[in-house]
Amino acid sequence: NIRGVTKGFVIAIPVLFLATTSYISGMLLQKKGGKACKWSSLIGMVLVAVSLVAPAFTTGLFLLMAAVSLQGIGSGLTLPAINLLITGAADQQERGLITALYGTVRFFGAAFGPPIFGLLVAGSKVPLFLISGIAAALAGVLAFTCIAAPKIPGEGGQQGKQQSKNKQQSRTKEPVRKHRPTPVR
């Protein structure tokens, strides 16, 4: 029985969790590297899986909001990690095309997911949410086991700092070439 602007505020709660978690995890993952992305995506998908099972067993608003907020946190952990893994795995020349394709697939899911779930939930919601939760958990485990953690663009780390320091030292040790003036005719 929530109507009007109040409904918009209620719907905005999980989006706030998603945006906040995504911002924080994105900052941390850029510093940590590829292995942290794998763990973040696994933990995020497990949280999404748990949150998808809850609506199968309850209709209480507060429990549903807690589940959807948990789903926002899980998505906030997963999306930046997957973005960094994808951009890290693609060559610089191909990175724009790969991220465009990835964005297209995500937006197709965002466009077609709600109407499909709306049609399917009209039947029996328990199998729908259980199967969705199991699929999310399997996707997280599959991603964790199959994705190799690449070096992330701009990734720090001790090795990167040492290489940068070595390059800087080698530049300063190069012999200085004396400029000889060109003879004037």
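Cut-offs and rules
Residues numbered from 1 in each chain as written. Predicted model: local features only at pLDDT ≥ 70, side-chain atom pairs only at ≥ 80, totals over all residues. Heavy atoms only, no water. Helix = DSSP H or I, 4+ residues; strand = E, 2+ residues; numbered from the N terminus. Buried < 20%, exposed > 50% of the residue type's maximum accessible area, 1.4 Å probe, protein only. Contact = heavy atoms within 4.5 Å. Phe/Tyr/Trp six-rings, centres within 6.5 Å; stacked < 30°, edge-to-face > 60°. Lys NZ or Arg CZ within 6 Å of the ring centre and 35° of its normal. pLDDT = per-residue confidence, 0-100.

K.L.:
In this structure, what is going on with the overall build of the protein chain? I would like to understand it.
P.N.:
Along its length, the protein chain carries 6 helices and 0 strands. The order of α-helices and β-strands along the protein chain, N terminus first, is α-α-α-α-α-α. Buried positions account for 28% of the 185 residues belonging to the protein chain. Intrachain contacts of the protein chain at a sequence separation of at least 6 include 78% that bridge at least 24 residues.

K.L.:
So what exactly am I meant to see when it comes to the packing of aromatic side chains here?
P.N.:
To describe a pair of aromatic rings, one takes the distance between the centres and the angle between the planes. Under the criterion given, the structure shown has 3 aromatic pairs. For the pair phenylalanine 108 and phenylalanine 112, a centre-to-centre distance of 5.8 Å together with 5 degrees between the ring planes defines the contact as stacked. One end of the pair is phenylalanine 108 and the other is phenylalanine 112, both in helix 4 (residues 95–121) and 4 residues apart, which spans about a single turn. Owing to a relative accessible area of 48%, phenylalanine 112 belongs among the partly exposed residues under this scheme. Directly above the aromatic system of phenylalanine 144 lies the positively charged group of lysine 38, at a separation of 5.1 Å from the ring centroid.

K.L.:
What is the right way to read the environment of alanine 90 from this model?
P.N.:
Residue placement: alanine 90 occurs in the loop between helix 3 (61–89) and helix 4. Looking at alanine 90, the relative accessible area reads 9%, which means it is buried. With near-sequence residues (within four places) excluded, alanine 90 lies in contact with Arg95 and Ile98.

K.L.:
Any chance you could explain the confidence of the model for the protein chain here in plain terms?
P.N.:
Any residue range with low pLDDT should be treated as having predicted coordinates unsuitable for detailed reading. Looking at the protein chain as a whole, the pLDDT averages 81, with 80% of positions reaching at least 70. Within the protein chain, the lowest mean pLDDT, 51, falls on helix 6 (residues 157–172), and the highest, 91, falls on helix 1 (residues 4–32).

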